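Observations on the three-dimensional arrangement
Single-letter residue listing:
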Amino acid sequence: MIQTVYHIIVLYLTIHIIWFIIREKKFWDQLSGMIVLVMFLLRLFLIK
Amino acid sequence: MKKHHVKALLLLFLAALICYLSARDFLTMHHAEAIYPSPQLTTKKRLSDYFPGLKNSPGDSPVYIFEGRTKGGNLLILGGTHPNEPAGFMTTVLLVENLEVIQGKIIIVPRANNSGFMHNDPQEGNPQRYSLETAGGSRWFRYGSRLTNPIHQWPDPVLYVNPAGQKLSGTESRNLNRSYPGRKNGYLTEKIAYGIMQLITVEKIDLAVDLHEAAPEYPVINAIVFHERSAELAAIASMTLQMEGVDIQLEASPPNLRGLSHREWGDFTETLAILLETANTSHGRLKGKPSATLITEGKDKNYQRAAQLGLLFVPFSEEGIPLKKRVSRHLATLNALVFGLSELFPDLPIRFQKIPSSTDVESAGIGAFLTPPK
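All values derive from a computational prediction rather than experimental measurement.

Here we look at the overall build of chain A
The number of helices and strands found in chain A is 2 helices and 0 strands. Across its three principal axes, chain A shows a C-alpha extent of roughly 40 × 20 × 10 Å. The buried share of chain A, taken over its 48 residues, is 15%.

Structure (structure tokens):
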């Protein structure tokens, strides 16, 4: 149960980061978002 | 499509690529190193054979059983309770690959906390593996974490009350050596502890030894930690080692420090419980850059300096404390304990052969006694 809640929270934030990268116009801000996204994806797939 | 959308797509692709590469590298930690048991192995079981609750879980682990032709004492040797303490693990590998038991029974669990071998500690920069040279090539072995993989046991409680009733910080819920006597329906680490307790009971273990290492600045080091029922045995082993020129401390297991193997094995089963410690540079807090060489060679300038300042509990020269020396110390202590058991309980003899002597391991290295890679 708690793992499902965890997945939903991480998935929600991951979608937000992806959406941020798509609509952001400044390249360096997009790049910062991409670095954060890597951590979230690894968490989402329970790799680390 | 606008320009920043193209950049976004490229960055998303890059994120996916980094994820794929890092995940592929990290997931190799789930693959265990090869162990080639000696032809005299009687049977290979798993911890789940003693506690089915571990079946198909990352806490399940191989159990190697060597039985002699005649009955005698029963000895359990545990390595890998803390997978970042490689001398304990390597001692068990060395035993599994060479042992021939003549009398009695020896049971060996090299990866006591199997899950702890499947990751390593964040922000430590530790290598995922180290290698040893054998007669026929190089073999690698995992260097894991002190704690169970959080992917397998999550979340940690804020305060952990272990099965023996001791209050500890939350992360300790993933420390096998704080989780005894275990819980049937508890956390994964508690289930592993419960499985080991079951093994001790079912196999009627007379002497159980948990092999560890500690940082050179830790006071309980080069030591035999003993439960009060094992005091006489530990004293005999200590005297035997002193006569062989091996300096060793005796440490009584504190009755109010609960959840540890040397306490709960002794309190909850009939076994004589012992824990051994050697000095491991690679998991000390004063070490320099972590590397596979640091694990195997144990050389570190910071520790040399700390020794000169009198801050360590073991001698530390520029030669360091190599893995072969730590394994040789564990072997010598195990020999002394088996000798002590036969002295105290003549009806519980354990006789074995083909184990390299501690001096041979120290001079020729561990790899000389390991099976070449197949």
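Read on for the rest.
Brief notes about the overall build of chain B
Scanning chain B from N- to C-terminus turns up 9 helices and 13 strands. Its C-alpha atoms give chain B a radius of gyration of 21 Å, within 12% of the compact-globule value 21 Å for 374 residues. When the backbone C-alpha atoms are referred to their principal axes, chain B occupies close to 85 × 50 × 45 Å. For chain B, the proportion of its 374 residues judged to be buried stands at 49%. Of all intrachain contacts in chain B linking residues separated by at least 6 positions in sequence, the fraction that spans at least 24 positions is 73%.

So, helix H1 (residues 2-23) of chain A
The first and last C-alpha atoms of H1 of chain A sit 32 Å apart over 22 residues, in line with the 32 Å expected at 1.5 Å per residue. In terms of burial, H1 of chain A is largely open, as just 2 of its 22 residues are buried.

Observations regarding the interface of chain B and chain A
Across the boundary between the two partners, chain B contributes 16 residues, which contact 18 residues of chain A. The residue inventory of the side of chain B that touches chain A, partitioned by class, reads 12 nonpolar, 3 polar and 1 charged.

Some remarks on the environment of Leu257 of chain B
All names here are of chain B. Tracing the sequence through the fold places Leu257 in the loop between strand S11 (249-252) and helix H5 (261-268). Judged by local crowding, Leu257 falls into the exposed class, with 12 C-beta atoms found within 10 Å. Sequence separation between Leu257 and Gln166 is 91 residues, and the spatial gap between their C-alpha atoms is 7.5 Å.

What about helix H8 (residues 323-344) of chain B?
Under the 1.5 Å per step criterion, the end-to-end length of H8 of chain B is 31 Å for 22 residues, consistent within 8% with the ideal 32 Å. Most of H8 of chain B sits inside the fold, with 16 of its 22 residues counted as buried.

As for the packing of helix H2 (residues 27-44) of chain A against helix H1 (residues 3-27) of chain B
It is the contact of H2 of chain A with H1 of chain B, at a shortest axis distance of 9 Å, that shows an interaxial angle of 30 degrees. In terms of crossing hand, the pair formed by H2 of chain A and H1 of chain B is right-handed. Two secondary-structure elements touch here, H2 of chain A through Phe27, Gln30, Leu31, Met34, Leu37, Val38, Leu41 and Leu42 of chain A and H1 of chain B through Lys7, Ala8, Leu11, Leu14, Ala15, Ile18, Cys19, Ser22 and Ala23 of chain B. Of the residues assigned to the contact of H2 of chain A with H1 of chain B, the class counts are 14 nonpolar, 2 polar and 1 charged.

Section: unusual backbone geometry
Residue and element names in this part refer to chain B. Cis geometry marks the peptide bond from Trp154 to Pro155; its omega dihedral reads -5 degrees. Its location among the elements puts Pro155 in the loop between strand S6 (137-142) and strand S7 (159-161). In this structure, Pro181 follows Tyr180 across a cis peptide bond, with omega equal to 0 degrees. The phi torsion at Asn222 lies on the positive side, around 45 degrees, for a residue other than glycine.

What about the nonpolar core?
Formed by 85 residues in total, the largest nonpolar core has its most connected members in Leu76, Ile77, Ile106, Val209, Ile274 and Leu337 of chain B. At 9 residues, H8 of chain B tops the list of elements feeding residues into this core. Every residue in contact with Leu76 of chain B, bar those within four places of it in the chain, is listed here: Ile107, Leu199, Ile200, Ile205, Ala208 and Val209 of chain B. Ranked by size, the runner-up nonpolar core spans 8 residues in total, among them Met34 and Leu41 of chain A together with Ala8 and Ala15 of chain B.

As for the packing of helix H2 (residues 86-98) of chain B against H8 of chain B
Residue and element names in this part refer to chain B. Between H2 and H8, the shortest axis-to-axis distance is 9 Å and the interhelical angle comes to 65 degrees. Here the hand of the crossing between H2 and H8 comes out right-handed. Residues Pro86, Ala87, Gly88, Met90, Thr91 and Leu94 of H2 pack against Leu323, Arg326, Val327, His330 and Leu331 of H8. Residue composition of the contact of H2 with H8, grouped by class: 7 nonpolar, 3 polar and 1 charged.

Conventions we followed
- Per-chain numbering applies: the sequence of each chain, read as written, is numbered from 1 onward.
- All chains are assigned letters beginning at A, and all ligands numbers beginning at 1, according to the order in which they are written.
- Confidence filtering applies because this is a predicted model: local features only for residues at pLDDT of at least 70, side-chain atom pairs given and counted only at 80 or more, and all residues used for totals across whole chains, interfaces and linings.
- Numbering of helices and strands starts at the N terminus; helices are DSSP runs of H or I of at least 4 residues and strands are runs of E of at least 2.
- With C-beta atoms placed from the backbone, a residue counts as buried when 20 or more other C-beta atoms lie within 10 Å of its own, as exposed when 12 or fewer do, and as partly exposed for counts between those limits.
- It is over C-alpha atoms that the radius of gyration is taken, and the globule rule equals 2.2 Å times the number of residues to the power 0.38.
- Residue pairs qualify as contacts under a 7 Å threshold applied to their C-beta atoms, which are placed from the backbone.
- A helix is expected to reach a length of 1.5 Å times the quantity of its residues less one.
- When residues are sorted by character, Ala, Val, Leu, Ile, Met, Phe, Trp, Tyr, Cys and Pro go into the nonpolar class, Asp, Glu, Lys and Arg into the charged class, and all the rest, Gly among them, into the polar class.
- To get an axis, fit a line to the C-alpha atoms, keeping to the stretch in contact for a helix; angles then go from 0 to 180 degrees between the N-to-C directions.
- For a crossing to be left-handed, the near helix must be turned anticlockwise from the far one by less than a right angle; the clockwise case is right-handed.
- Each nonpolar core consists of buried Ala, Val, Leu, Ile, Met, Phe, Trp, Tyr and Cys residues. Their C-beta atoms, within 7 Å, join them into a set.

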